[in-house]
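# Observations on the three-dimensional arrangement
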Amino acid sequence: MRRISMDGASMGARGLWLSLAWLSASAALGCGRREALPASQDPGAERPAQPAQLAPPAQPEEPAAPLQESRVERDGLSIAFALRPLDRGQQGGGTGPGAAPAAAVAGSDVVAEFTITDASTGAPVRGLTPLGWMSRRAGADGAAAASFSGGASAASLASGAVDAAPDEAACRGKIKSFMAGLLSVRPEVDMNAYLLWTLNQDNSLSAINPQVALARTQLRSVVSLAGRGVSFVMHPDRESLYVTLRGGQGLAVVDTRRGLVRTNVPVGQDPSRVVVAPDGRTVWVGNDGDGTVSVIDARSTDVLRTLPVGPGHHEIAFTGGGRAAWITSQQGESVAVVDGETLEPLGEIAVGEGVVSIAASDEAGVVHAANAARGEVVILDVARRAVAGRVALKPGLGALQFDPRGRFSFALNPSANEVAVLDGATGAVAHTLTGLAAPDAVTFTGAFAYIRNRGAARVSLVDRSALGGPATPPLVDIAVGQGPPLVAAAPPGPAALATPIAPLPEGNGALVASPADKALYVYVEGMMAPIGTLPSYGREPRSILVEDRSLKEVRPGVYATTVRLGEGGLYDVELLLDRPRTGVCLEATVAPARCAPGDGEADASGCGGDPVKDIAIAPLFEPDLRLAAGEPATLRFRATAGEGGPPLDALDAEDIEVMVVRFPAGYRFRGAPRAEGDGTFSVAFTPPAPGQYRFLAAVPGRGAPVGALPFVPLRVSARGAGAQGGGAR
């Protein structure tokens, strides 16, 4: 078949993450009348709701009060902005008479929330796609925040005055500058951000912020896992990642906000595939070692049921919006069908041994199952739960997936170096894509199907709009990286488990993980080559997911996201709406962190080694502990009520955060400790490379954020160099 080669020189970095088309809206941008509202007058003070498909809690919590709120009116809209705590335990203020009001604290994670209503009727304005930022004003502390209205005068800075609120022209200029993606003009808080999560060859996950700059990406955190990850999936609420682990370690549940493992759930033997049901209520794990599937409550992480389904590797697909789960067993003869709500078996369909993947289409009312040994795709009728036909292909089939519309399924065959495209309506082979190099994964954007070639350093694109025609669409080859993925170490489990390509949130390109190059490549459709490379910091990325942290409509007319605040001070809050094209500026105040040197509360925080008065962390390992790179170690410590005080038995492991950082900069590990009783806790840590490290523990709920308690130095030597002195105990 025809192939179009698009190898070429890499284009320069551009404003990738935000469309510059917004710049044409500059004439409509401006600032409106602002009015500060006390929390008690907030008409809808409640924390952002979970997605509609999730079950509500049995006893709804009292809405979390806003930390603060401001409001403007513009072009017939009433726009309120509030910062809210992630949970009630983070409100930061007391509840009794005379207690200090809640405050948004520098460096903390909060919910940024815009409520947009019709100014005359109060009706919520729905279906918007807002963009938001927070930029710090120059003020008395000599902040370096940019002034877009001509710059802060020396007199105002010297006198300790905070710059005035921006007028319409200044507000418009700030939004235009942020939209342009200038590295010289960056907001302190970007509400349009997203993170890249990679499942690595070692026992870790990496969270990378790609929006600092293409050449200066930020490794936000590294999550150390109890075993090597096999596959992972993100919950629709974006708060949890689920990772299956080798070595009997079960399923890791990762808190995406805190960047640490929340818990490890015991499941069956050799868990492999993990999927979240479409309604978000349950998580399904295929246990390849004992022929079962574990169904887990997504909220409580309790194992609801263990289903016997047959031996071998399991793949899982859902139909009817999650009303039925279809489960394969590679060494079994049947596909099991299970009720997605009651978890009761609905029946089994004989398909023959050797099924390695499965995909479902509610649009076509069919399920396709790929049998690698026989080289056929079995078509299952959803309504009748029976075999509707068999399509003969070639032996060696691997991954199978329907396109987002459910019209065509892509059956990848790494052995035959081809992909069969099946019409879901007729069951016939619509196209055969040949000349590929061991295709093993496919991902879709609105315009293209992206096929990874495991045997070549390229990704092949297929125009989805041409699939309905009689002619086979040509492949568009994009050179990605220097080495083919197969030169890297083999991943654990079936190759079809890899998800090495993730669509960009804008839908006009993709991110491609290259384990051979230990890098991530950014490709935008229409370009001849990837436009940038994101380093994976020495790790081999096997799979990639995008956590979109941009503003979403969480309730009618309410748009929210989770953000990490910058330094304390007065902030302008810039908002750009698409309908009508309107830009407004609000404001917010961020209190200084307790541990910020030079701030009024610094003396109470324990900064500079002065311990917090009511809590102390005592390491149960020797000072200057020496570890070996690549070798796991268990670090134990005791939490006590002040210096020499009794153990804090009431303190839960969930209350403590542990961080290990490489000094002076670079690697950062965050982990959840395990309680061992008598106020003693432990955390497992595997240093990736030799160097100087620092062990830090924090108890945010007791007024001891990260950095408030003294650190403990660690030394890491090269493996085999004879690490010694003060082993972990």
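Residues numbered from 1 in each chain as written. Predicted model: local features only at pLDDT ≥ 70, side-chain atom pairs only at ≥ 80, totals over all residues. Heavy atoms only, no water.

### Topic: the overall build of the protein
From N to C terminus, the protein includes three helices and 52 strands. The proportion of buried residues among the 729 residues of the protein is 52%. In the protein, the proportion of contacts linking residues at least 24 apart, taken out of those at least 6 apart, comes to 57%. Of the accessible surface of the protein, which amounts to about 29300 Å², a share of 51% is contributed by carbon and sulfur atoms. (Helix = DSSP H or I, 4+ residues; strand = E, 2+ residues; numbered from the N terminus. Buried < 20%, exposed > 50% of the residue type's maximum accessible area, 1.4 Å probe, protein only. Contact = heavy atoms within 4.5 Å. Areas by Shrake-Rupley, 256 points an atom, 1.4 Å probe, with all protein chains shown as cover.)

### Comments concerning the environment of Val462
As for its placement among the helices and strands, Val462 is situated in strand β33 (residues 458-463). Accessibility expressed as a relative area gives 0% for Val462, which makes it buried. As a C-alpha pair, Val462 and Pro473 span eleven residues in sequence and 6.7 Å in three-dimensional space. Not counting residues up to four positions away in its chain, the partners in contact with Val462 are Leu433, Ala447, Phe448, Ala449, Ile451, Leu467, Pro473 and Leu475.

### Description of the sheet that holds strand β7 (residues 189-190)
Read across the sheet, four strands follow the order β7-β6-β42-β43 without closing on themselves; strand pairing throughout is antiparallel. Of all strands in the sheet, those with a lone pairing partner are β7 and β43 (581-590), marking the two edges. Inspection of the sheet shows strand β6 (residues 131-136) paired to strand β42 (residues 569-578) by six bridges, in the antiparallel sense. Opposite Met134, over in β42, you have Val573 as the bridge partner. (Pairing = 2+ DSSP bridges.)

### Considering unusual backbone geometry
For the bond running from Arg579 to Pro580, omega is -5°, close enough to zero to count as cis. Position of Pro580 among the secondary structure elements: in the loop between β42 and β43. A positive phi angle, close to 50°, is found at Arg385, a residue other than glycine. On the secondary structure map, Arg385 appears in the loop between β25 (376-381) and β26 (386-392). Positive phi outside glycine occurs at Tyr537, with the angle close to 60°. Mapped onto the secondary structure, Tyr537 falls in the loop between β38 (532-535) and β39 (541-548). In this structure Tyr537 comes out as partly exposed when scored by relative accessible area, which is 33%.

### Some details on the environment of Arg374
By the secondary structure assignment, Arg374 is in the loop between β24 (366-371) and β25. Assessed through its relative accessible area of 46%, Arg374 is described here as partly exposed. Between the C-alpha atoms of Arg374 and Pro395, which are 21 residues apart in sequence, the distance is 5.6 Å.

### Section: the side chain of Ser409
Among the secondary structure elements, Ser409 is positioned in strand β28 (residues 408-413). Only 2.9 Å separates the side chain of Ser409 from the side chain of His368, close enough to count as a polar contact. Ignoring any residue separated from it by four or fewer positions in sequence, one finds Ser409 in contact with His368, Leu400, Gln401, Phe402, Ala420, Val421 and Leu422. (Polar contact = N/O pair within 3.5 Å; in protein donor to acceptor, adjacent residues only side chain to side chain.)

### A look at the pattern of salt bridges
Opposite charge on two side chains allows them to pair when their charged atoms are near. Using the criterion set out here, one finds 26 salt bridges in the structure. Lys174 serves as the salt-bridge partner of Asp572, at 3.0 Å between the closest nitrogen and oxygen. Taken as a pair, Asp572 in strand β42 and Lys174 in helix α2 (residues 168-180) lie far apart in primary sequence, 398 residues in all. With respect to burial, Asp572 and Lys174 carry one shared label: buried. The residue Lys552 makes a salt bridge to Asp548 at a minimum N-O spacing of 3.0 Å. Exposure remark for Lys552: the relative accessible area of 34% places this residue in the partly exposed category. Overlapping salt bridges bring together Arg137, Lys174, Asp572, Glu574 and Glu587 as one network. (Salt bridge = Lys/Arg side-chain N within 4 Å of Asp/Glu carboxyl O.)

### A word on the state of the cysteines
Under the counting rule described, the total for this entry stands at one disulfide. Paired through a disulfide, Cys171 and Cys585 show a sulfur-sulfur distance of 2.1 Å. Taking the torsion about the sulfur-sulfur bond, which here is approximately 100°, the covalent link between Cys171 and Cys585 counts as right-handed. Separated by 414 residues along the polypeptide, Cys171 in helix α2 and Cys585 in strand β43 bring together distant segments of the chain. The exposure class of Cys171 is buried, given its relative accessible area of 0%. Note on Cys585: relative accessible area 0%, which makes it buried. (Disulfide = S-S within 2.5 Å.)

### As for the packing of aromatic side chains
Taken as a whole and assessed by the stated rule, the structure comprises eight aromatic pairs. Three or more aromatic residues joined by ring pairs make a cluster, and in this case those are Phe637, Phe681 and Phe695. Lying over the aromatic face of Phe711, Arg694 brings its terminal NZ or CZ to 4.0 Å of the ring centre. (Phe/Tyr/Trp six-rings, centres within 6.5 Å; stacked < 30°, edge-to-face > 60°. Lys NZ or Arg CZ within 6 Å of the ring centre and 35° of its normal.)

### Section: the environment of Lys394
Among the secondary structure elements, Lys394 is positioned in the loop between β26 and β27 (400-402). Distance from Lys394 to Glu376, taken between C-alpha atoms, is 6.9 Å for residues 18 residues apart in sequence. With residues up to four places along the chain from it excluded, the contact list for Lys394 reads Gly375, Asn413, Ala416 and Glu418. A polar contact of 3.3 Å, which involves the side chain of Lys394, links it to the side chain of Glu418.

### Re the sheet that holds β38
Read across the sheet, four strands follow the order β35-β36-β37-β38 without closing on themselves; strand pairing throughout is antiparallel. Of all the strands in the sheet, just β35 (501-503) and β38 have a single pairing partner and so form its edges. Adjacent strand axes in the sheet meet at a mean angle of 25° when their direction is disregarded. Here six bridges tie strand β36 (residues 509-514) to strand β37 (residues 519-524), and the two strands are oriented antiparallel to one another. (Axes fitted to C-alpha atoms, helices over the stretch in contact; angles between N-to-C directions.)

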